[in-house]
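# Observations on the three-dimensional arrangement
Spelled out from the first residue to the last, the chains are:
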Amino acid sequence: MELFTNQVLAGIATGAIYACMALAVVMIYQAIDHLNFAQGEMAMFSTFVAWQLMQWGLPYWVAFVLTLIFSFIGGIVIERLLFKPLAKAPVLTHVAGFIALFAIINSVAGLLWDFTIKQFPSPFGSSPFLGSQLISTHQAGMIFVTLILLVLLFAFFRYTRVGLAMRAAASMPESARLVGINTGWMIALGWGMAAAIGSIAGMLIAPVVFLEPNMMGGVLIYGFAAAVVGGLSSPLGAVVGGFLVGIFENLVGTYIPGVGNELKLPIALALIITVLVVKPNGLFGRAIVKRV
Amino acid sequence: MTTLLNVRDLRAYYGQVQALHGLEFELREGSMTTLLGANGAGKTTTLRAICNMIRSTGSIEFEGNKLGSRTTENIVRLGIAHVPQGRGTFTTLTVEENLQLGAITRKDKAAIASDIERMYDHFPVLKQRYLQQAGTLSGGEQQMLAVARALMLRPRLMLLDEPSFGLAPLIVRDLFKILGKINREDKVTILVVEQNAQLALELADKAYVIETGRIVMSGTADEIANNEDVRKSYLGY
């Protein structure tokens, strides 16, 4: 029983990271209807920036905030330079754009910081949480930060005018323009926020998986799985999906013989396919209903 | 009375196909004008061209401002509210959020709140449903919401594309009554495109008849209503 509880809690902790990545993916998907394959690399690059700032002697939380700002602006710049010109291009052009972005960010990070594995500090330490062996303080911190992020995002979209404008632009761009919303900037803002959310995921997972240019590969696939499970149109679904996928991953790895660490990734992919076949809109996604 | 909107030599294109062939008309400030014409004559295209939602050439002047190179959202910000065909409702958002969005370019929070109350006075049914998803409203309610949302901009000019489309005759009467009230009391200039020519002519001061992308007739609403050709083609008697 203790093994079970332990695995579930650890699953919730890594699930928090998947939830952040899924949120970032969903934000961009809502804005431009495409999956950002480079979301993980953007997060990885941000994490390196945080690491570099700390190497220069800045305290953790200062580096954290500066990295958020850097990522937010970086996300907007990427949208303006690369994806705004592609706005009306077909799907395959977008896919090529995302892959290019993926490769560029990955190589630049390798060039700047090389491919050796680096330690990344945790602001929460790694002692047992509240004296319990079930979960570490860092894992508890990951869950805590994700929940705060969620509440802030919810408040932003629900109670601010910019949040309302972003929702309007994402759901019906033409109508949004007709009430005077600059939908182009709303998309850019979505990219900025997605990049910032991704950077939080990167900084939280780096102490666990260690910092190196390929650190986010597996995490992003789980993030995609989480987004698909929750339904790509629902931020809340993305988060619930993240936690579910985290728990599922751990339980399957523990209880199904022969899975272990090596087969965990295919399980995420199997999950994506299963959801797409059985319930294509995910748990929380809306089926688009149109009056005709 | 001064000219609010002046359209000269307007040509509009869908890809290679030219839909408007040098359209010319003007709207007097405070007037209610209707644009009549058969399906495919270019009525919707004219409204879309004013808001720069399709490629067009020619000159459109609104209160002395050239609209030519402005984006849709900047034209809206000048005070032109467009209620498109299909109403442009944000179907996944609530009724109240739709009204908030109508005023999204305004900064005066207190006035926005009082305007929302005013809209609920105009359209009491919206007040009953203010937390309901707009997509679940009936067609008539959605059209009222669309008009209310447009008014939240405090527009100088309101463009209405077939407001009667798909609505029951009684609801259409109500809606046009409210439009007349808005035109008189709030001094909003209105350009309405209608298939229901009889109703539109009853209410409007001025009318233009458009055929295959050209204005073929213009005059006061009474003149147009009494014109034999118009009677036969659009009024059916």
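One structure accompanies this document, and this report is about it. (Residues numbered from 1 in each chain as written. Chains lettered and ligands numbered in written order. Predicted model: local features only at pLDDT ≥ 70, side-chain atom pairs only at ≥ 80, totals over all residues.)

Scanning chain B for helices and strands turns up ten helices and ten strands. A compact globule built from 237 residues would reach a C-alpha radius of gyration of about 18 Å, and chain B, at 17 Å, matches this within 12%. Projected onto the principal axes, the alpha-carbon positions of chain B cover approximately 45 × 40 × 35 Å. By residue count, 47% of the 237 residues in chain B fall in the buried class. Excluding contacts between residues fewer than 6 apart, the proportion of contacts in chain B whose partners are at least 24 apart in sequence is 67%. (Helix = DSSP H or I, 4+ residues; strand = E, 2+ residues; numbered from the N terminus. Rg over C-alpha atoms; globule rule 2.2 N^0.38 Å. Buried ≥ 20, exposed ≤ 12 C-beta atoms within 10 Å, placed from the backbone. Contact = placed C-beta atoms within 7 Å.)

Here we take up the overall build of chain A. Scanning chain A for helices and strands turns up eleven helices and zero strands. Its helices and strands taken in sequence order, chain A reads α-α-α-α-α-α-α-α-α-α-α from the N to the C terminus. Scaling as 2.2 N^0.38, a compact globule of 292 residues should have a C-alpha radius of gyration of about 19 Å, and chain A matches this with 19 Å. Referenced to the eigenvectors of the C-alpha coordinate spread, the extents of chain A come out at roughly 55 × 50 × 35 Å. A buried classification covers 48% of the 292 residues belonging to chain A.

The strand order across the open sheet formed by four strands is S2-S1-S4-S5 (chain B), and the pairing between neighbours is antiparallel. Two strands lie at the open edges of the sheet, namely strand S2 (17-28) and strand S5 (65-66) of chain B, each paired on one side alone. (Pairing = 2+ DSSP bridges.)

Next up on the list: the interface of chain B and chain A. Listed as interface residues are 16 residues of chain B and, on the opposing side, 14 residues of chain A. Looking at the side of chain B that touches chain A, the elements with two or more residues in it are helix H2 (72-77) and helix H3 (95-102) of chain B.

Further remarks concern the sheet that holds strand S8 (residues 189-194) of chain B. Sheet strands associate in pairs through backbone hydrogen bonding, adopting either a parallel or an antiparallel arrangement. All names here are of chain B. Strand order across the open sheet formed by six strands is S6-S7-S8-S3-S9-S10, with mixed pairing between neighbours. With one partner strand each, in any of the chains shown, strand S6 (80-83) and strand S10 (214-220) form the two edges of the open sheet. Averaged over all pairs of adjacent strands, the angle between their axes in this sheet comes to 15°, without regard to strand direction. Sheet topology note: the strand S3 (residues 32-36)/S8 ladder contains five bridges and is parallel. Following the sheet pairing, Leu 36 is matched in S8 by Glu 194. This element, helix H1 (residues 43-50), spans S3, S6, strand S7 (157-161), S8 and strand S9 (206-211) of the sheet and lies at about 145° to S7. (Axes fitted to C-alpha atoms, helices over the stretch in contact; angles between N-to-C directions.)

Okay, the packing of helix H6 (residues 161-171) of chain A against helix H8 (residues 183-209) of chain A next. Relative orientation and spacing of two packed helices are given, respectively, by the angle between their axes and the distance between those axes. Residues and elements named next belong to chain A. Packing of H6 against H8 brings their axes to within 9 Å, and their N-to-C directions diverge by 105°. By the criterion of interaxial angle, the relationship of H6 to H8 is roughly perpendicular. Between H6 and H8, the residues in contact are Ala 165, Met 166 and Ala 169 and Thr 183, Met 186, Leu 189 and Gly 190, respectively. Residue composition of the contact of H6 with H8, by class: five nonpolar, two polar and no charged. (Parallel < 35°, antiparallel > 145°, perpendicular 65-115°, else oblique. Nonpolar A, V, L, I, M, F, W, Y, C, P; charged D, E, K, R; others polar.)

Let us look at the environment of Val 172 of chain B. Residues and elements named next belong to chain B. One can find Val 172 in helix H7 (residues 169-185). Here Val 172 falls in the partly exposed class, since 19 other C-beta atoms lie within 10 Å of it. For the pair Val 172 and Gly 140, spaced 32 residues apart in sequence, the C-alpha to C-alpha distance is 8.1 Å. Filtering out sequence-adjacent residues up to four positions away, Val 172 remains in contact with Ser 164, Leu 167, Asn 196 and Leu 199.

Residue and element names in this part refer to chain A. The N-to-C vectors of helix H1 (residues 2-32) and helix H10 (residues 235-255) enclose an angle of 140°; their axes lie 6 Å apart at closest approach. Considering the angle they form, H1 stands oblique to H10. For the element pair H1 and H10, the recorded crossing hand is right-handed. Counted by class, the contact of H1 with H10 contains 17 nonpolar, nine polar and one charged residues. (Left-handed = near helix turned anticlockwise from the far one by under 90°.)

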